[in-house]
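Take a look at the letters that make up each chain.
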Amino acid sequence: MSAAADRLNLTSGHLNAGRKRSSSSVSLKAAEKPFKVTVIGSGNWGTTIAKVVAENCKGYPEVFAPEVQMWVFEEDINGEKLTEIINTRHQNVKYLPNITLPDNLVANPDLIDSVKDVDILVFNIPHQFLPRICGQLKGHVSSHVRAISCLKGFEVGAKGVQLLSSYITENLGIQCGALSGANIATEVAQEHWSETTVAYHIPKDFRGEGKDVDHKVLKALFHRPYFHVSVIEDVAGISICGALKNVVALGCGFVEGLGWGNNASAAIQRVGLGEIIRFGQMFFPESREETYYQESAGVADLITTCAGGRNVKVARLMATSGKDAWECEKELLNGQSAQGLITCKEVHEWLETCGSVEDFPLFEAVYQIVYNNYPMKNLPDMIEELDLHGE
Ligand SMILES: NC(=O)c1ccc[n+]([C@@H]2O[C@H](COP(=O)([O-])OP(=O)(O)OC[C@H]3O[C@@H](n4cnc5c(N)ncnc54)[C@H](O)[C@@H]3O)[C@@H](O)[C@H]2O)c1
Ligand SMILES: O=P(O)(O)OC[C@H](O)CO
């Protein structure tokens, strides 16, 4: 067993598609040429995951090149460039303040330069920016590169509703998995224990252990003592949960902001979980039902998001202030993004296209409240009425 694997103490149970865990060790072969990793994105979650990845790349030099590039959408912060602040003070003062970043994490404002000679790309940007980023990357990424998307959302277009990992594969011609879980960024950045799920299909052109990315490499890349990783194959399941729980969280924020308390919030989460699973079964039948219940990316992420995520906060402020979603997002998030506001519109457009709006009354109600100013106090009736239409 390599020294890296020794330190990692991987167990096969963490590497299975199911949830059976065993205590047998799995060796991690040193890479023929250590994998070079770039994180695309430097927001609240982007910077947090870059910290996690940089810690592991420094810790396992047999497997990963120690320096990790992080592409930063350049901004001026009180006369200083954000990249300069990150590279000299090792803090992302705008999106992840008061967290010290590893010194092997290098902020780079040049997207194309940041992916030069890369082996593993970790995408972590608000999903509305993905088409433009992929457009810029096209032709600059070799087909041997492997990717993980940490984004939560869908791409809805001429091709229907698409997972973001599939969008990346289609546009860049590279294999892409996903990472999703009950992971409020600041808590992970503060190294409070949490779990996550990574999903990845080994591609047909897999080049072999030590030469290519497999489940063990992904576990080594993301697992930390404070960030426990389960690696599975259900990319669709974890991506659907990650995208749609943000819409459910908006519903929770509305009823909480109205002062209706825990029971109402639990009711929204119950209905929401049902709609998430139905969405998966209707549009991504390859997703596995147990993922919704058993993985961190499933019900656990729904719970944490509805308790303390940004979407619930924005929706609560909408209810208490009467301001619209965009004003509340701006007022609360200092440039961060509440992805549910975009996802509920994408979901509405897709459901309307395929005549299935009535099968998803909560998703539709959230859309109507955000975009058409429907009164949120009617939420229970909106869910009931649409249910009845469906009968
Ligand atoms: N923050 C969390 O707790 C969390 C946890 C898990 C998953 N996620 C998901 O991770 C993804 C990334 O979220 P985040 O929290 O890192 O981002 P964020 O919400 O903090 O967004 C800010 C980022 O967007 C960038 N940005 C602004 N304008 C841009 C432009 N025109 N082009 C490109 N980038 C631009 C900013 O530079 C900054 O890096 C999202 O899909 C989110 O749902 C977030
Ligand atoms: O802050 P939110 O609402 O984007 O949710 C954060 C994470 O997705 C929780 O896992």
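Residues numbered from 1 in each chain as written. Chains lettered and ligands numbered in written order. Predicted model: local features only at pLDDT ≥ 70, side-chain atom pairs only at ≥ 80, totals over all residues. Heavy atoms only, no water.

Per an unreviewed UniProt entry, the recorded name for the chain is Glycerol-3-phosphate dehydrogenase [NAD(+)], and the organism is Saccharomyces pastorianus. Reading the Sequence similarities (unreviewed entry) entry of the UniProt record for the chain gives the comment "Belongs to the NAD-dependent glycerol-3-phosphate dehydrogenase family." Its UniProt record, at the heading Catalytic activity (unreviewed entry), says of the chain: "sn-glycerol 3-phosphate + NAD(+) = dihydroxyacetone phosphate + NADH + H(+)". (UniProt positions renumbered as here; feature names shortened; annotations may be inferred.)

**Re the site of ligand 1**
Taken together, 25 residues surround ligand 1, and among them Asn44, Gly46, Arg132, Ala185 and Ser337 come closest. Between ligand 1 and Trp45 there is a distance of 2.9 Å, counted from an oxygen atom to a backbone nitrogen or oxygen. With respect to ligand 1, the side chain of Gln339 contributes an N or O atom lying 2.9 Å from an oxygen atom. Here ligand 1 is seated within the largest pocket. With three residues, the top contributor of residues to the shell around ligand 1 is helix α2 (residues 44–59). Composition of the shell around ligand 1 by domain shows at least three residues from each of domain 1 (28–233) and domain 2 (237–385). (Near = heavy atom within 4 Å. Polar contact = N/O pair within 3.5 Å; in protein donor to acceptor, adjacent residues only side chain to side chain. 1 Å grid on protein atoms, 1.4 Å probe; cavity = no way out; pocket = protein on both sides within 12 Å on 5 of 7 lines; lining within 4 Å. Sits in = over half its atoms within 2 Å of the grid points. Helix = DSSP H or I, 4+ residues; strand = E, 2+ residues; numbered from the N terminus. Domains from an automatic or database assignment.)

**Side note on the packing of aromatic side chains**
Tallied over the entire structure, the rule returns twelve aromatic pairs. A centroid spacing of 6.4 Å and a plane angle of 50° characterise the contact between Phe35 and Phe64, whose relative ring orientation is tilted. Of this pair, Phe35 sits in the loop between α1 (3–8) and β1 (37–40) while Phe64 sits in the loop between α2 and β2 (68–71), and the two are 29 residues apart along the sequence. A relative accessible area of 4% places Phe35 in the buried class. Using a relative accessible area of 0% as the deciding quantity, one classes Phe64 as buried. Taken together through their ring pairs, the aromatic side chains of Phe154, Phe279, Phe283, Phe284, Trp350, Phe360 and Phe363 make up a single cluster. (Phe/Tyr/Trp six-rings, centres within 6.5 Å; stacked < 30°, edge-to-face > 60°. Buried < 20%, exposed > 50% of the residue type's maximum accessible area, 1.4 Å probe, protein only.)

**Regarding the domain arrangement of the chain**
What the domain assignment reports for the chain is domain 1 (28–233) and domain 2 (237–385). A straight line from the C-alpha centre of domain 1 to that of domain 2 covers 26 Å. Contact with domain 1, which involves 27 residues of that partner, is made by 31 residues of domain 2. Surface buried jointly by domain 1 and domain 2 totals about 2,300 Å² across both partners, of which 64% is contributed by carbon and sulfur atoms. Three residues stand out in domain 1 for area buried against domain 2, namely Lys152, Phe154 and Val161, and they jointly supply 25% of the buried area on that side. At the junction of domain 1 and domain 2, the tally comes to one salt bridge. With its nearest N and O atoms 2.8 Å apart, the salt bridge here joins Asp301 to Lys152. At the boundary of domain 1 with domain 2, the tally comes to eleven residue pairs in polar contact (both at pLDDT 80 or more). Listing elements by their share of the side of domain 1 that touches domain 2, those giving two or more residues are β8 (154–157), β9 (160–163), β10 (175–180), β11 (194–199) and β12 (227–232). At five residues, the largest contribution of residues to the side of domain 1 that touches domain 2 is made by β11. Within the side of domain 1 that touches domain 2, the residues separate by chemical class into 13 nonpolar, eleven polar and three charged. (Contact = heavy atoms within 4.5 Å. Buried area = accessible area lost by both parts, 1.4 Å probe. Salt bridge = Lys/Arg side-chain N within 4 Å of Asp/Glu carboxyl O. Nonpolar A, V, L, I, M, F, W, Y, C, P; charged D, E, K, R; others polar.)

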